[in-house]
Amino acid sequence: MNKNIILCGVGGQGTVLASKLIAAAAMEKGIPETIGMAQRGGSVFSHVRMGENLYSPMIAKGTADMILGFEPGETVRMLPYLKKNGAIVVSNRAVMPVTASLARTGYNGASMIEYLKTQVDQVLVIDTDQACETLGSAKVLNVLMLGAAISTGMLGLEKEDIKQALIKRLPEKLHELNFRALDYIQ
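Keep in mind the model is a prediction, meaning the values are calculated, not measured. (Residues numbered from 1 in each chain as written. Predicted model: local features only at pLDDT ≥ 70, side-chain atom pairs only at ≥ 80, totals over all residues. Heavy atoms only, no water.)

Chemist: In this structure, what is going on with the side chain of Asp 161? I would like to understand it.
Modeler: With respect to the helices and strands, Asp 161 occurs in helix H7 (residues 159–169). Only 2.8 Å separates the side chain of Asp 161 from the backbone nitrogen of Glu 158, close enough to count as a polar contact. Excluding residues that lie within four positions of it along the chain, Asp 161 makes contacts with Ala 25 and Lys 29. (Helix = DSSP H or I, 4+ residues; strand = E, 2+ residues; numbered from the N terminus. Polar contact = N/O pair within 3.5 Å; in protein donor to acceptor, adjacent residues only side chain to side chain. Contact = heavy atoms within 4.5 Å.)

Listed below in structure tokens is the structure:
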């Protein structure tokens with residue numbers, strides 16, 4: 001079964017590492033995958049495709065199974081890629097884009113989330129500030145969001161798959177904290 005996942009956020013949120021962890025976990029399970037990443041003006045997004053007969057790393061508009069949004073505004077921007085019955089997992093923490101800051105325009109993450117809820121039936125909003133505070137580090141935002149995505153059952157991977165990818169890609173001293181972040185959302 002093929003899965004198309006878009007991850008989006010802003011630089012420094014760990015979006016690229018989260019994409020690589022998904023791809024690594026898929027490879028370990030023998031699921032063919034392809035990954036395409038881009039960064040432009042502070043925005044970061046990745047297309048991760050898992051399954052058979054994938055000929056491009058890019059996800060066509062209207063075909064993403066899930067958007068994993070590390071930032072509400074970036075999630076709204078990727079909305080055209082989501083398929084009709086797709087799901088969104090989004091952080092409630094807004095990071096004002098440089099363009100909005102320079103233009104002195106209003107930017108409200110809560111209104112972005114409300115918009116997402118009017119457009120998509122399956123929206124899981126994660127209070128990432130509270131979660132990271134409880135966990136003791138904001139550096140696990142990406143793994144926290146992966147755990148939330150897994151909890152929906154729509155990612156196509158299990159927590160154990162991501163744990164194994166973490167073990168292979170992160171120093172041992174970071175394992176325990178990242179495992180707690182992965183398990184934070186049930």
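Chemist: Can you help me understand the pairing of strand S4 (residues 64–69) in this one?
Modeler: A regular strand places its side chains so that they alternate between the two faces of the sheet. Across the six residues that make up S4, a large majority, six, are buried. Examined bridge by bridge, strand S1 (residues 3–10) and S4 share four bridges and lie parallel to one another. When the sheet's bridge partners are listed, Leu 7 is paired in S4 with Leu 68. Looking at chain direction, S4 and strand S5 (residues 82–91) are connected through five bridges and run parallel. Pairing of Ile 67 across the sheet is with Ile 88, part of S5. Considered for its hand, the β-α-β crossover made up of S4, helix H2 (residues 72–78) and S5 is right-handed. (Buried < 20%, exposed > 50% of the residue type's maximum accessible area, 1.4 Å probe, protein only. Pairing = 2+ DSSP bridges. Right-handed = clockwise from strand over helix to strand, strands pointing away.)

Chemist: Would you mind going over the packing of H7 against helix H8 (residues 175–183) with me for this structure?
Modeler: The description of two helices packed together rests on the angle between their axes and the distance between the axes. Close contact between H7 and H8 brings their axes to 11 Å; oriented N to C, the two are set at 160°. Viewed along their axes, H7 and H8 adopt a mutual orientation that is roughly antiparallel. As for the relative orientation of H7 and H8, their crossing is right-handed in sense. Two secondary-structure elements touch here, H7 through Lys 159, Ile 162, Lys 163, Leu 166 and Ile 167 and H8 through His 175, Asn 178, Phe 179, Leu 182 and Asp 183. By residue class, the composition of the contact of H7 with H8 is five nonpolar, two polar and three charged. (Axes fitted to C-alpha atoms, helices over the stretch in contact; angles between N-to-C directions. Parallel < 35°, antiparallel > 145°, perpendicular 65-115°, else oblique. Left-handed = near helix turned anticlockwise from the far one by under 90°. Nonpolar A, V, L, I, M, F, W, Y, C, P; charged D, E, K, R; others polar.)

Chemist: In this structure, what is going on with the pairing of S1? I would like to understand it.
Modeler: Along S1, eight of the eight residues are buried, which leaves the element largely enclosed by surrounding structure. Going residue by residue along S1, you find Lys 3, Ile 5, Leu 7 and Gly 9 tucked away on one face and Asn 4, Ile 6, Cys 8 and Val 10 tucked away on the opposite face as well. Inspection of the sheet shows S1 paired to strand S3 (residues 43–50) by eight bridges, in the antiparallel sense. Residue pairing across strands places Leu 7 opposite Ser 46, the latter belonging to S3.

Chemist: Honestly, the environment of Leu 135 in this entry has me stumped. Any pointers?
Modeler: Structurally, the position occupied by Leu 135 is in helix H5 (residues 128–135). The buried category is assigned to Leu 135, whose relative accessible area is 6%. Between the alpha carbons of Leu 135 and Ala 181 there is a distance of 6.8 Å; along the sequence they are 46 residues apart. When residues no more than four places from it in sequence are discounted, the contact partners of Leu 135 are Val 140, Leu 144, Leu 177, Arg 180, Ala 181 and Tyr 184.

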